[in-house]
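Residues per chain, in single letters:
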Amino acid sequence: MNETLREHKDKAAQLFASGKLEEALIEYGLVVHAAPEDLGSRQKVAELLQRLGRKKEAVEMYESVAMAWARQGWLLRAIALCKVILQLDPGHARTQRMLAELYSRRLAPAPRLVPAPAPVAPTPRDTLPRIPLFSQLDEAAFVAVLEELAMRSFEPGASIVTEGEQGSSMFALVEGRVDVVRQLQGGNRRKVASMGEGEFFGEMALLSEGPRLASVVATERTVALELTRAQVERLVQRHPSVRQVLQSFYEERLLANVLRSNPLLSALTPVQREAATHAFQLHTVPAGQRLLVQGQPGEALFLLLRGRCRVVHQHPDGRESAYPVLREGDLFGELSVLLGLPATASVYADTPCTLLRLERQAVERHILVQPGVRQALSRLSSERLQRTARLLPGHELLDGDQRV
């Protein structure tokens, strides 16, 4: 039976590609009749009905497929089909409301004096996967966001965003795959990640005016949902919670990536990472701002997420010596946190910077509980103390003593 269905699907695809739409519809219809759970084929039927001008039937099929995708956890596919439905029938908002009912954050119902009748064939909301961003919106805001989203298609090789350009929108991948590419200092380009269906990127552009930090290139035909900063500003006027949800979404994703990729912090257990997520504070500072002052106590550990910082040690005679530049992913401030020492150098934002700040008490509670993290921070502190010592008068004697 499976081989027969595969033959019908292959034949249907060939007929579709050659423009024989009625014949393709018949073949896909046979597949759907035998395997109604095959949502891909049901979606093809809807598309064929649309192309054949049978709008009412197409809308009905798109709606049924959208809800089926949503109940299986494929919310972005469902949203994309909603956009198609609204193109065919601008007054059709029922599907969006049903998606909102399924996926948006809902307040607990008011107590009833009389027990409510049991719903027919319920879909337990707790069994649905939590969808980043969308599951944090209330129902009205969810529908408003869906109305603003635009569906975009990209052919293989197309640049969706370009490194260095000012960003003004975020994307959610409905189908296809993309590569994340960064330009190295020598001018060469290197792929740093790949993303597929269900993943998000570009959200930083909605919350800052900074340039894109990487290029994103489609490696196959890709469909994405786009939300622009201008749309967000309109949404926030009607639903202020949207900004809070976006900020929380951005911070959680950014921090999760940092904690997973940073050599010092990757040793934390998932539970510890979750706890640390809520303890970190996100700060954006302009170029030139001083973050640590030499000789003064530091009360926090800093993790540089975006930008570049310069580190300067001032000698008693007023001369200054520069330490290596701090770049994305670097930690600083650990000497004060671990040893209670005043800062051995001043740290300035060399460019606009985004940082995570963790107070001393939070470091002790969430970070130093892991022996491996404590040891790594101690090694880093020791290296920086030795580097400071080499900048002081008489360091030649120190180096000579080490060789004896």
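Calculation notes
- Residues numbered from 1 in each chain as written.
- Predicted model: local features only at pLDDT ≥ 70, side-chain atom pairs only at ≥ 80, totals over all residues.
- Heavy atoms only, no water.
- Helix = DSSP H or I, 4+ residues; strand = E, 2+ residues; numbered from the N terminus.
- Buried < 20%, exposed > 50% of the residue type's maximum accessible area, 1.4 Å probe, protein only.
- Contact = heavy atoms within 4.5 Å.
- Phe/Tyr/Trp six-rings, centres within 6.5 Å; stacked < 30°, edge-to-face > 60°.
- Lys NZ or Arg CZ within 6 Å of the ring centre and 35° of its normal.
- Axes fitted to C-alpha atoms, helices over the stretch in contact; angles between N-to-C directions.
- Parallel < 35°, antiparallel > 145°, perpendicular 65-115°, else oblique.
- Left-handed = near helix turned anticlockwise from the far one by under 90°.
- Polar contact = N/O pair within 3.5 Å; in protein donor to acceptor, adjacent residues only side chain to side chain.
- Pairing = 2+ DSSP bridges.
- Arc of directions from axis to C-beta.
- Salt bridge = Lys/Arg side-chain N within 4 Å of Asp/Glu carboxyl O.

**Q** Talk me through the overall build of the protein chain; I want residue IDs and the actual numbers.
**A** A count of helical and extended segments in the protein chain gives 14 helices and 16 strands. Within the protein chain, the proportion of its 404 residues that are buried is 44%. Sequence separation of 24 or more characterises 72% of the internal contacts of the protein chain that already satisfy a separation of 6 or more.

**Q** Please set out the packing of aromatic side chains residue by residue, giving values where relevant.
**A** Within a pair of aromatic rings, the relevant descriptors are the distance that separates the centres and the angle that separates the planes. Counted according to the given criterion, the structure contains 7 aromatic pairs. Joined through ring pairs, the aromatic side chains of Phe134, Phe142, Phe200 and Phe249 make up one cluster. Across the ring face of Tyr348, the terminal group of Arg310 is positioned such that the distance to the ring centre comes to 4.6 Å.

**Q** How would you sum up the packing of helix α7 (residues 139-148) against helix α8 (residues 229-238)? Please name residues and give values.
**A** Direction vectors running N to C along α7 and α8 enclose 155°, while the axes themselves pass 10 Å from each other. With respect to α8, the axis of α7 lies roughly antiparallel. As for how α7 packs across α8, the hand of that crossing is right-handed. In this structure, α7 uses Ala144, Val145 and Glu148 to contact α8, whose residues at the interface are Gln231, Arg234, Leu235 and Arg238.

**Q** I'd like to hear about the environment of Thr222, residue by residue, with values.
**A** Considering the arrangement of structural elements, one finds Thr222 in strand β8 (residues 222-228). Distance in space between the C-alpha atoms of Thr222 and Phe154 is 5.1 Å, their sequence separation being 68 residues. A polar side-chain atom of Thr222 sits 3.3 Å from the main-chain carbonyl oxygen of Arg177. Side-chain polar atoms of Thr222 contact the backbone oxygen of Glu220, separated by 2.8 Å.

**Q** Could you give me a rundown of the sheet that holds strand β2 (residues 159-161), with the residues and numbers involved?
**A** In space, the 4 strands of this open sheet follow the order β2-β7-β4-β5, with antiparallel pairing throughout. In the strand order of this sheet, the two ends are held by β2 and β5 (189-195), each with one partner. Sheet twist, expressed as the average angle between the axes of neighbouring strands with direction ignored, equals 35°. Relative to strand β7 (residues 215-218), strand β4 (residues 178-183) runs antiparallel, the two being bridged by 4 bridges. Paired with Val180 across the strands is Val216, a residue of β7.

**Q** So, helix α6 (residues 94-103): which residues are in play, and what are the values?
**A** For α6, the full list of buried residues reads Thr95, Gln96, Leu99, Ala100, Leu102 and Tyr103. The arc enclosing the buried residues of α6, seen along the axis, measures out at 160°, which places them on a common side. Of the surrounding secondary structure, the elements contacted by the buried residues of α6 are α4 (55-71), α5 (75-88) and α7.

**Q** Describe the sheet that holds strand β14 (residues 331-332), naming the residues involved and giving the relevant values.
**A** Overall, antiparallel pairing links the 4 strands, which are arranged β9-β16-β11-β14 in an open sheet. Where the open sheet ends on each side, the last strands, each with one partner, are β9 (281-285) and β14. Of the pairings in the sheet, the one linking strand β11 (residues 300-306) to β14 comprises 2 bridges and is antiparallel in character. Across the sheet, Phe302 pairs through a bridge with Phe332, a residue of β14.

**Q** Any details on the pattern of salt bridges? Residues and values, ideally.
**A** Tallied over the full model, the rule gives 18 salt bridges. Arg238 is the salt-bridge partner of Glu148, the closest N and O atoms lying 3.7 Å from each other. Of this pair, Glu148 sits in helix α7 while Arg238 sits in helix α8, placing them 90 residues apart in sequence. Residue Arg238 is classed as partly exposed on the basis of its relative accessible area, which comes to 47%. For Arg221, the salt bridge is made with Glu155, and the minimal N-O distance between the two is 4.0 Å. With Arg221 in the loop between β7 and β8 and Glu155 in the loop between β1 (150-154) and β2, this pair connects stretches of sequence that are 66 residues apart. Arg221 gets classed as partly exposed once you look at its relative accessible area, which sits at 43%. The exposure class of Glu155 is partly exposed, given its relative accessible area of 48%.

**Q** Before we move on, could you go through the pairing of β8 and cite the residues and values that matter?
**A** Burial within β8 is extensive, with 6 of its 7 residues counted as buried. Bridging between strand β3 (residues 169-175) and β8 involves 6 bridges; their strand directions are antiparallel. Of the residues in β8, the one forming a bridge with Met170 is Leu227.

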